[in-house]
Amino acid sequence: QVQLVESGGGLVQAGGSLRLSCAASRSIFSVNAMGWYRQAPGEQRELVAVVTSGSKTNYADSVKGRFTISIDNAKNTVYLQMNSLKPEDTAVYYCNARLTVVALEYDYWGQGTQVTVSS
């Protein structure tokens, strides 16, 4: 069980930057993976970035080179630094924590934070 609270969303002009934060209710080193997903109206939720317990990262092709996921274990917080934002990045961004136990995966989600990028 992990509770997640996102923050840092808002309105930004194209080309600008935002830093999203996800505060977890437990030590995140015990989590198999932490990630950021996003969902635009009428679209499916998609993976943006993920970091595994082995500190491996993966990014969606659409954000590679622009976004960076990082963690601060002392603060139990995951960050998503978003640079060179585009209007296409507009979505609700959700923090995700995944626990894998005996081949069963459990996902926990934050409530989401809105990111709006204007042209």
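Thresholds applied
Residues numbered from 1 in each chain as written. Predicted model: local features only at pLDDT ≥ 70, side-chain atom pairs only at ≥ 80, totals over all residues. Heavy atoms only, no water. Disulfide = S-S within 2.5 Å. Helix = DSSP H or I, 4+ residues; strand = E, 2+ residues; numbered from the N terminus. Buried < 20%, exposed > 50% of the residue type's maximum accessible area, 1.4 Å probe, protein only. Pairing = 2+ DSSP bridges. Axes fitted to C-alpha atoms, helices over the stretch in contact; angles between N-to-C directions. Polar contact = N/O pair within 3.5 Å; in protein donor to acceptor, adjacent residues only side chain to side chain. Contact = heavy atoms within 4.5 Å.

(A) Quick peek at the state of the cysteines. Considering all chains together, one arrives at one disulfide under this definition. Each sulfur of the disulfide joining Cys-22 and Cys-95 lies 2.0 Å from the other. Around the S-S axis, the bridge from Cys-22 to Cys-95 shows a dihedral of about -85 degrees and counts as left-handed. With a gap of 73 residues between them, Cys-22 in strand β3 (residues 18–24) and Cys-95 in strand β9 (residues 91–101) connect regions that are remote in the sequence. As far as the burial class goes, Cys-22 and Cys-95 line up, both buried.

(B) Here's a closer look at the sheet that holds strand β7 (residues 67–72). Pairing is antiparallel in the open sheet, where four strands are placed in the order β1-β3-β8-β7. Here the strands that pair on one side only, and so sit at the sheet edges, are β1 (4–7) and β7. Going across the sheet, the axis of each strand differs from the next one's by a mean of 15 degrees, ignoring polarity. When β7 meets strand β8 (residues 77–82), the two strands line up antiparallel, connected through six bridges. Bridge pairing in β8 places Phe-67 opposite Met-82.

(C) Main features of the side chain of Asp-89. Considering the arrangement of structural elements, one finds Asp-89 in the loop between β8 and β9. Take Asp-89: its relative accessible area is 1%, and that puts it in the buried class. In terms of polar contacts, Asp-89 uses its side chain to reach the side chain of Arg-66, at 2.8 Å. Those residues in contact with Asp-89 that sit more than four places away from it in its chain are Arg-38, Val-63, Arg-66, Phe-67, Ser-84, Val-115 and Val-117.

(D) Broad picture of the pairing of strand β5 (residues 46–52). In the sheet, strand β4 (residues 33–39) pairs with β5 via six bridges, with the strands oriented antiparallel. Within β5, the position partnered with Tyr-37 by the bridge is Leu-47. Where β5 meets strand β6 (residues 57–59), three bridges bridge the pair, whose relative direction is antiparallel. When the bridges of β6 are listed, Val-50 appears paired with Asn-58. Here β5 folds back onto β6 in antiparallel fashion, the turn holding four residues, of which Ser-55 has a positive phi close to 70 degrees.

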